[in-house]
Amino acid sequence: CDAVAIGHGLRAETQLAELAGAELAYDATFDQWLPRTDADGRAADGLYLAGDGARIGGAAAAELAGRVAAMACLADLGRSIDKAELIRLRTRRDAYHASQEGLAQAFAWPRHAFADLPDETVLCRCENVTAGAVRAVARSLEGVSDINRVKALTRCGMGRCQARMCGLAAVEVAAAARQEAAEALTYYRPQPPVKPIFIPEPALSEV
């Protein structure tokens, strides 16, 4: 065959959370900026996160996190909740999260691969931006490590997917070119507008 495509690990989709007001913090295990939440998914006043919008954990963990966040929301509204059930749900959810963290550590991405990636490799398919172009601009930045500067000067991440496909790889390639940690270049800023999906009331009553 002419090419082989592989998927290596899953990444959380944090743009909606940040646009809604969540603060992000760098997580070294998943090598990604993730929303800050408390034990029940609270990320800000009136903002509750669950599932892959907060962190990777799998379908079962996402469902449990959703139940925990729903109970937190009810508690904040002054409704009575089963505290024993909340503890049970947290424990089950945390077990899935611990398993996912173990997988992330056991199968960590080989960091040298970003430095070794050929310059002609296309990182941003939307705008046809190569790894070489990202490297050149990243090395030219003086005193500023910010992937959003690289984005502005290369258009990497400005296409239809808004960096959802290329963003994390671009950060890693730029960081390797500058011989810095990926954390130093921060992350792509989310770009509105966002089109909300209407959830009919009958569906909510059935959950």
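Scroll up a little and you will see the structure.
On a predicted model such as this, the values are computed, not experimentally measured, just so you know. (Residues numbered from 1 in each chain as written. Predicted model: local features only at pLDDT ≥ 70, side-chain atom pairs only at ≥ 80, totals over all residues. Heavy atoms only, no water.)

**Digging into the overall build of the protein chain**
Stated formally: For the purposes of this entry, the term helix denotes a DSSP run of H or I that reaches at least four residues, the term strand denotes a run of E that reaches at least two, and both are numbered from the N terminus. Remark: exposure states derive from per-residue accessible area (1.4 Å probe, protein chains only) relative to the maximum for the residue type, with buried under 20%, exposed over 50%, and partly exposed in between. Residue contacts are counted whenever heavy atoms from the two residues lie within 4.5 Å of one another.
Helix and strand content of the protein chain: eight helices and six strands. Principal axes of the C-alpha set define a box for the protein chain whose edges measure 60 × 40 × 35 Å. Buried positions account for 36% of the 207 residues belonging to the protein chain. Sequence separation of 24 or more characterises 55% of the internal contacts of the protein chain that already satisfy a separation of 6 or more.

**Topic: the side chain of R135**
As a reminder, the rule being used: Any pair of nitrogen or oxygen atoms within 3.5 Å is treated as a polar contact; in protein, a donor-acceptor pairing is required on top of that, and neighbouring residues in sequence qualify only through side-chain atoms on both sides.
Looking at the element boundaries, R135 is found in helix α5 (residues 131-140). Looking at R135, its side chain comes within polar contact range of the main-chain oxygen of L117, at 2.6 Å.

**Observations concerning the packing of helix α2 (residues 59-76) against helix α3 (residues 83-106)**
Defined as follows: Between N-to-C directions, angles span 0 to 180 degrees; the directions come from axes that are lines fitted to C-alpha atoms, helices contributing only their stretch in contact. Here is the rule for handedness: rotate from the far helix to the near one, and if that takes an anticlockwise turn smaller than a right angle the crossing is left-handed, while a clockwise turn gives right-handed. By the convention adopted, Pro, Cys, Tyr, Trp, Phe, Met, Ile, Leu, Val and Ala count as nonpolar, Lys, Arg, Asp and Glu as charged, and the other residues, Gly among them, as polar.
Contact geometry of α2 with α3 gives a least axis separation of 9 Å together with a crossing angle of 150°. The interaxial crossing formed by α2 with α3 has left-handed handedness. Judged by residue contacts, A60, A61, L64, A65, R67, V68 and M71 of α2 engage E85, L86, L89, R90, R92, R93, Y96 and H97 from α3. Tallied by class, the residues present in the contact of α2 with α3 amount to nine nonpolar, one polar and five charged.

**Quick word on the environment of D116**
Residue position: D116 is located in helix α4 (residues 112-116). As for D116 and V173, which are separated by 57 residues in sequence, their C-alpha atoms are 9.2 Å apart.

**Describing the pairing of strand β2 (residues 32-35)**
Rules: DSSP-based pairing: two strands are paired if at least 2 bridges between them are found.
Pairing between strand β1 (residues 24-27) and β2: four bridges, direction antiparallel. Bridge pairing in β2 places L24 opposite P35. Remark: four residues form the turn of the hairpin made by β1 and β2, two consecutive strands paired antiparallel; D31 in that turn has positive phi of roughly 55°.

**Remarks on the nonpolar core**
Rules: By convention a nonpolar core is built from buried Ala, Val, Leu, Ile, Met, Phe, Trp, Tyr and Cys residues, the set being connected through side-chain atoms within 4.5 Å.
Grouped together as the largest cluster of nonpolar side chains are 23 residues, with contacts concentrated most on V134, I147, V150, C156 and Y188. When residues of this core are traced back to their parent elements, those giving at least two are β5 (122-124), α5, α6 (147-154) and α7 (167-178). In terms of residue count, α7 provides more of this core than any other element does, six residues in total. Apart from the residues within four sequence positions on either side, V134 is in contact with L123, V129, V150, T154, C156, A170, V173 and A174. Counting residues in each nonpolar core, the second largest holds six residues, with A43, L47, L49 and A54 among its members.

**What to know about the pattern of salt bridges**
Quick reminder of the rule: Salt bridges are counted wherever a side-chain nitrogen of Lys or Arg sits within 4 Å of a carboxyl oxygen of Asp or Glu.
Overall, the coordinates contain 14 salt bridges when judged by the stated rule. A salt bridge links R178 to E180; the nearest nitrogen and oxygen atoms lie 3.1 Å apart. Taken together, the salt bridges that share partners define one network made up of D38, D40, R42, D76 and R90.

**Quick notes on the state of the cysteines**
Cysteine pairs can be covalently joined through their sulfur atoms, and such a bond is termed a disulfide. Rule in force here: In plain terms, two cysteine sulfur atoms within 2.5 Å form what is called a disulfide here.
Under the definition given, this model contains zero disulfides. The thiol sulfur of C161 is not disulfide-bonded, and the nearest other cysteine sulfur, from C126, lies at 4.0 Å. With no disulfide of its own, C166 has C156 as its nearest cysteine by sulfur position, at a separation of 4.0 Å.

**Remarks on α3**
We count it as follows: Every helix has an expected span of 1.5 Å times one less than the residues it contains.
Compared with the 34 Å implied by 1.5 Å per residue over 24 residues, the 35 Å span of α3 between its first and last C-alpha is a close match. Residues of α3 that are buried include every one of L86, L89, R93, H97, Q100 and A104, and no others. Buried residues in α3 make contact with α2. Where α3 begins, the side chain of D82 points an oxygen toward the backbone nitrogen of A84, at a separation of 3.1 Å.

**What about the side chain of T14?**
The residue T14 is located in the segment before α1 (15-19) in this model. The contact partners of T14, leaving out residues within four places of it in the chain, are L24, Q32, W33, L34, P35 and G53.

**Focus on the packing of aromatic side chains**
In plain terms, the rule: Classification of ring pairs rests on two measures: the distance between centres of Phe, Tyr or Trp rings, Trp counted by its six-membered ring, which must be within 6.5 Å, and the angle between planes, read as stacked under 30 degrees, edge-to-face over 60 and tilted in between. Two conditions define a charge located above a ring, namely a distance within 6 Å from the ring centre to NZ of Lys or CZ of Arg, and an angle within 35 degrees of the ring normal.
Tallied over the full model, the rule gives two aromatic pairs. Ring geometry for W33 and Y187: centres 5.2 Å apart, planes at 50°, overall tilted. Linking W33 in strand β2 with Y187 in the loop between α7 and α8 (201-206), this pair joins segments that are 154 residues apart in sequence. Taken together, Y26, W33 and Y187 form an aromatic cluster joined through their ring pairs. Above the ring of Y187, the side-chain terminus of R189 is found at 5.0 Å from the ring centroid.

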